Amino acid sequence: MKKTTGADGLTPEYSAKAGEKFWAVETQAPSNDYTPYNHPIEVKIDKTDNKHMQNGVYILTVENIAKADVDGKWFNLPKTGAAGIFIFAVLGVVFVGAGTVMALRRRNGREEEK
């Protein structure tokens, strides 16, 4: 059953059985600044639930998820690269070089034994 919220953020009244589960899915965000939370939310109406029940009405709050802002700084990742990558690249070259030198010495040692 598809319901659309009004300007107040509430859906039109409809009946649901208390104690039975149903799922709510936000298919459209409240404005273009947000992205819809399109994961199913399990709802089980309990008349004694003081957190969600207000004057006989079950209130389900869905948190708005902001889209990336103009600068693209919706979340901040640490800056990586430059010196950090350079150090590991140098260490990698050193290890490969050391392995090559050891392999050549070992091969030369075996050839001298024969």
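Residues numbered from 1 in each chain as written. Predicted model: local features only at pLDDT ≥ 70, side-chain atom pairs only at ≥ 80, totals over all residues. Heavy atoms only, no water.

The next subject is the layout of surface pockets. When its volume is computed, the largest pocket comes out at roughly 1,500 Å³. Elements with a contribution of two residues or more to the lining of the largest pocket: strand S1 (21–24), strand S3 (41–44) and strand S5 (57–58). Per element, the largest residue contribution to the lining of the largest pocket is three residues, and it comes from S1. When grouped by side-chain class, the residues that make up the lining of the largest pocket number 22 nonpolar, 11 polar and five charged. (1 Å grid on protein atoms, 1.4 Å probe; cavity = no way out; pocket = protein on both sides within 12 Å on 5 of 7 lines; lining within 4 Å. Points joined across faces, edges and corners; volume = space filled by probe spheres on them. Helix = DSSP H or I, 4+ residues; strand = E, 2+ residues; numbered from the N terminus. Nonpolar A, V, L, I, M, F, W, Y, C, P; charged D, E, K, R; others polar.)

Looking at where glutamate 26 falls in the secondary structure, it is placed in the loop between S1 and strand S2 (34–35). Of note is the side chain of glutamate 26, whose polar atom sits 2.9 Å from the backbone nitrogen of tyrosine 37. Apart from residues no more than four positions distant in its own chain, glutamate 26 is found in contact with Pro36, Tyr37, Asn38, Val62 and Asn64. (Polar contact = N/O pair within 3.5 Å; in protein donor to acceptor, adjacent residues only side chain to side chain. Contact = heavy atoms within 4.5 Å.)

With that settled, consider the confidence of the model for the chain. Averaged over all residues, the pLDDT of the chain is 79; the fraction at 70 or higher stands at 85%. When pLDDT is averaged over each helix and strand of the chain, the minimum, 78, is found for strand S6 (residues 65–66) and the maximum, 87, for helix H1 (residues 83–113). (pLDDT = per-residue confidence, 0-100.)

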